Amino acid sequence: MTKPANPAALQCPVPVEATDRVQLGHGSGGKLSAQLVARHFLPRFENAALAQLGDASIVSIGGAEIAVSTDSFVVQPIEFPGGNIGSLAVHGTLNDVAMMGARPVCLTAGFILEEGLPLAVLDRVIVEMARAAREAGVPIVAGDTKVVERGKADGLFINTTGLGVIDPAFRPAPARAQPGDAIIVSGPIARHGMAIMAAREGMSFESAITSDSASLAPLVDALRAAGLDVHVLRDPTRGGVASALNEIAVASSVGIEIEEMTLPIPGDVRAACEMLGLDPLYVANEGVLVAFVPEAQAARALVALRSHPLGADAVRIGVVVAVHPRIVALRTALGGTRVVDLLPGDQLPRIC
Amino acid sequence: MCLGIPGKIQSIRDDTGLAMGVVDFGGVRRDVCLQYVAGEVSVGDYVIVHVGFAITKLDEAEAQRTFEILREMSQLDELEWMKDSAGQEGQRPETTT
Amino acid sequence: MRYLSEYRDADVARSLITRIKGRATRCWTLMEVCGGQTHTIVRQGLDELLEGAVEMIHGPGCPVCVTPLEQIDKALAIAARPGVIFTSFGDMLRVPGSDCDLQQVRARGGDVKVVYSPLDALALAQRNPDKEVVFFAVGFETTAPANAMAVWRARDLGVRNFSVLVSHVTVPPAITAILTAPGNRVQGFLAAGHVCAVMGYTEYEPIAEQYKVPIIITGFEPVDILEGISMAVNQLEEGRHEVENQYVRSVRRLGTPPARALVQQVFELANRQWRGIGEIPMSGLKLRDEFSAYDAERRFGVGDLKVTESEACKAGEVLTGRIKPPQCPAFGTLCMPERPLGAPMVSTEGACAAYYNLAKYRTADPLETAP
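Residues numbered from 1 in each chain as written. Chains lettered and ligands numbered in written order. Predicted model: local features only at pLDDT ≥ 70, side-chain atom pairs only at ≥ 80, totals over all residues. Heavy atoms only, no water.

## Things to note about the sheet that holds strand β14 (residues 328–331) of chain A
Residue and element names in this part refer to chain A.
Move 1: Taken in spatial order, the seven strands of this open sheet run β10-β12-β8-β13-β11-β14-β15, and their pairing is mixed. Each end of this open sheet is capped by a strand with a single partner; those strands are β10 (232–234) and β15 (337–339). Strand after strand, the sheet turns through a mean of 25 degrees between neighbouring axes, direction not considered.
Move 2: Note that strand β11 (residues 255–259) and strand β13 (residues 315–321) share four bridges and pair antiparallel. What sits directly across from Gly255, in β13, is Val321.
Move 3: Contacts from helix α7 (residues 240–252) reach β8 (182–185), β10, β11, β12 (290–293), β13 and β14, with the element oriented near 145 degrees to β10. (Pairing = 2+ DSSP bridges. Helix = DSSP H or I, 4+ residues; strand = E, 2+ residues; numbered from the N terminus. Axes fitted to C-alpha atoms, helices over the stretch in contact; angles between N-to-C directions. Contact = heavy atoms within 4.5 Å.)

So, in structure tokens, the structure goes:
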């Protein structure tokens with residue numbers, strides 16, 4: 001019996017592993033990223049909180065459990081349809097905290113500015129950050145600014161750190177997926193990554209592909225308020241839905257099966273992916289979450305998500321299985337199966 | 001080598017002697033070099049585009065004709081399965097809608 | 001998307017699968033030449049769905065991956081030079097040369113940029129007159145017209161700081177090489193649809209005739225591939241060996257004559273090494289003498305770079321279906337995706353890499369974080 005093929009993302013080809021330098025692939029959210037963390041950072045920063053490798057880490061402070069997450073934003077172009085690096089920085093860190101089921105309490109923001117950056121651009125970034133923070137009800141309470149010489153920072157880089165309070169009754173975690181769990185995605189995928197790529201590739205659109213950058217806290221609140229036992233929450237950012245599912249499959253030691261026909265991919269996003277030879281499953285999202293809930297609660301979870309505009313298109317895309325642990329498999333419209341593996345590095349446009 | 005997708009020509013222009021055009025791919029538009037098909041295409045025609053070049057004009061009539069044949073064949077097969085399963089259960093391959 | 005999505009119709013596809021399985025009185029061995037077709041077959045799990053009726057051997061259809069080692073090394077040497085902007089299609093960035101790849105050259109300070117079209121590289125040259133812009137012109141015949149146009153335009157517009165590193169390969173000699181290799185099991189071919197959209201398919205008629213194999217010009221979507229396979233199986237069952245065109249919406253017998261004409265004007269046939277396979281005579285394209293000013297090999301003096309391919313690599317036998325990858329002594333030991341010896345392991349569409357990843361699928365360490 002032929003086993004399902006693993007296109008290993010059909011990227012051409014795998015990178016040379018034995019390298020003495022940082023490569024772009026190390027920042028892609030794929031295998032190289034995972035290796036960098038596992039082989040360089042984790043062994044030195046050894047502590048139990050970090051080793052969980054969740055979206056945020058949990059530390060105890062005076063009896064309360066606090067979720068902490070930090071993230072840096074280096075996106076180019078700085079401004080794109082649907083937001084800018086500032087709104088992205090706020091949403092991104094809020095979401096990492098929210099994925100632990102925690103209520104975000106405050107943010108910090110550190111800026112590295114390139115000499116020569118127009119102040120008008122900086123202002124637009126700050127305005128969007130402020131708006132995103134205000135809408136989420138989460139203040140930016142601390143910050144820092146550094147300036148580096150022209151050529152050293154691509155305009156600007158932002159780091160944000162978020163703190164949130166863990167709800168003892170609502171504790172999703174990457175290791176909690178169980179066979180039988182339904183896998184739900186809260187909205188259309190691949191929008192953010194394609195909005196960025198399209199802006200970079202000089203493609204124009206009848207109506208622009210817009211980033212989905214948004215705070216997911218309202219969706220998490222809806223799930224919490226519905227009294228559901230959510231096992232895992234993850235926001236599939238760099239590396240896309242495929243990478244997020246792979247990480248969860250490994251953390252929980254379970255298999256995952258998803259149905260290609262159910263994946264919500266908007267038409268223009270799909271067209272842009274076709275043109276560049278990209279697989280939407282590996283494209284970044286910034287306003288979508290993946291939730292794993294017990295099968296019996298799947299219907300209620302969908303109702304809860306769809307009650308909010310951000311989750312209007314929430315849909316079930318797959319299930320957790322006990323077979324092929326740590327592997328994500330996809331069933332095609334034709335009934336064939338293939339393995340959805342982690343990419344080695346970034347997904348690159350291809351001609352083959 | 002292979003990644004060529006069909007798109008619809010929206011506009012054609014001359015770019016210092018090179019025929020260029022804006023081509024629409026399901027809502028996404030890009031500039032494409034039309035030099036190789038310049039003699040045979042107009043706005044509204046479909047072309048196959050590879051690395052920013054139209055490599056051939058798509059023959060819509062042929063496409064429709066051959067697809068119709070395939071479609072009929074698949075519907076005929078549906079009828080066969082329906083006839084068979086009137087007598088026997090479980091012969092019909094699973095269909096998802 | 002019009003003229004794309006219809007060819008993914010599940011009902012039509014399933015119907016074709018049923019037909020193929022109903023028609024085949026034995027298991028036939030077919031090869032799809034083009035990497036894009038392999039992509040679809042693997043992504044759709046068509047191998048699994050056709051089991052018993054058809055065995056697909058994945059051909060050397062990724063021009064990126066059969067790019068000879070010496071051309072990669074030349075690219076790396078040029079890209080590392082100061083004052084050079086080295087441009088390439090995305091797929092080339094991770095192809096390993098003798099000791100590193102373009103991504104690592106970029107990490108070490110080389111100016112390496114991914115472009116979608118060769119005209120983008122030319123535009124880059126026009127915008128950066130103080131830099132030398134080099135474009136890595138790889139591909140089958142599908143890409144040759146685009147690369148030819150970039151060179152032609154450069155000359156027309158008088159752009160001096162632009163050159164191309166050429167590594168084109170052509171399909172018909174590869175098919176012949178596979179058919180004449182000892183122990184070949186391939187009984188029919190799905191020829192590359194977009195190559196034929198450009199070139200037409202007259203070159204395949206003598207091959208079908210001489211070697212008595214059906215050759216079906218096939219597209220890239222699941223319905224196209226399945227229809228192509230169905231046509232091949234029909235021919236094999238009937239004892240015919242002709243060239244037939246499945247991809248009628250895009251391919252005509254004479255292709256796109258203006259594209260062929262410009263390719264002829266700018267390029268000429270040359271012998272070419274195929275990584276892991278060896279030299280196939282007259283299977284490559286090189287710039288004609290009157291365009292030598294745009295030849296990056298001459299401009300950067302890397303023309304004489306010679307490398308040695310591994311002797312342990314059995315790509316030839318894998319590609320003809322004589323052995324399965326795990327039977328090669330180097331498989332998984334000397335040869336693996338991170339340090340491939342030959343083309344079918346370099347490309348993750350290649351037979352060896354596909355088998356290697358299946359084996360990993362069973363050992364289940366997808367993050368490969370074990371030290």
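Still more to cover.
## A word on the confidence of the model for chain B
Residue and element names in this part refer to chain B.
Move 1: Considering every residue of chain B, the mean pLDDT works out to 84; 84% of them sit at 70 or more.
Move 2: Within chain B, the element-level pLDDT minimum falls on helix α1 (residues 60–87), averaging 81, and the maximum on strand β5 (residues 53–57), averaging 97.
Move 3: This stretch, residues 89–97, has a pLDDT under 50; its non-local contacts, to residues over four places away or in other chains, come to 13 contacts.
Move 4: Here the predicted complex carries an ipTM of 0.89, next to a pTM of 0.83. (pLDDT = per-residue confidence, 0-100.)

## Details of the pattern of salt bridges
All names here are of chain A.
Move 1: Counted according to the given criterion, the structure contains 36 salt bridges over all chains.
Move 2: Notably, a salt bridge pairs Glu259 with Arg331, separated by 3.0 Å at the nearest N-O pair. With a gap of 72 residues between them, Glu259 in strand β11 and Arg331 in strand β14 connect regions that are remote in the sequence.
Move 3: You can call Glu259 partly exposed: its relative accessible area is 28%. (Salt bridge = Lys/Arg side-chain N within 4 Å of Asp/Glu carboxyl O. Buried < 20%, exposed > 50% of the residue type's maximum accessible area, 1.4 Å probe, protein only.)

## What about the packing of aromatic side chains?
Move 1: Inspection of every chain in the model, using the stated rule, returns nine aromatic pairs over all chains.
Move 2: With centroids separated by 4.8 Å and ring planes inclined at 80 degrees, the aromatic side chains of Tyr46 of chain B and Tyr3 of chain C adopt a geometry described as edge-to-face. Residue Tyr46 of chain B is found in strand β4 (residues 46–50), and its partner Tyr3 of chain C is found in the segment before α1 (10–23); the two belong to separate chains.
Move 3: Residue Tyr3 of chain C is classed as buried on the basis of its relative accessible area, which comes to 3%.
Move 4: If you follow Arg155 of chain C out to its NZ or CZ, it ends over the ring of Trp152 of chain C, 5.1 Å from the centre.
Move 5: Taking NZ or CZ as reference, Arg249 of chain C lies 3.4 Å from the ring centre of Tyr7 of chain C, over its face. (Phe/Tyr/Trp six-rings, centres within 6.5 Å; stacked < 30°, edge-to-face > 60°. Lys NZ or Arg CZ within 6 Å of the ring centre and 35° of its normal.)

## Observations concerning a nonpolar patch on the surface
All names here are of chain A.
Move 1: Residues Val37, Phe41, Phe45 and Leu53 make up a contiguous nonpolar surface patch of about 360 Å² in total accessible area.
Move 2: By the secondary structure assignment, Leu53 is in the loop between α2 (48–51) and β1 (57–61).
Move 3: With a relative accessible area of 45%, Leu53 lands in the partly exposed category. (Patch = residues over 30% accessible without salt bridge, like charges linked within 9 Å, V, L, I, M, F, W, Y side chains within 5 Å. Areas by Shrake-Rupley, 256 points an atom, 1.4 Å probe, with all protein chains shown as cover.)

## Concerning the sheet that holds strand β6 (residues 162–169) of chain C
Residues and elements named next belong to chain C.
Move 1: Read across the sheet, six strands follow the order β4-β3-β5-β6-β11-β10 without closing on themselves; strand pairing throughout is mixed. Pairing within the sheet leaves two strands with one partner each, and these edge strands are β4 (111–114) and β10 (267–274). Averaged over all pairs of adjacent strands, the angle between strand axes in this sheet comes to 25 degrees, irrespective of strand direction.
Move 2: Both β6 and strand β11 (residues 278–287) contribute to a ladder of two bridges, which runs antiparallel. Bridge pairing links Val169 to Gly284 in β11.
Move 3: Lying over the sheet, helix α7 (residues 144–157) contacts β5 (132–139), β6, β10 and β11, oriented at roughly 155 degrees with respect to β6.
Move 4: Against the sheet, helix α12 (residues 257–266) contacts β10 and β11, and its axis sits at roughly 80 degrees relative to β10.

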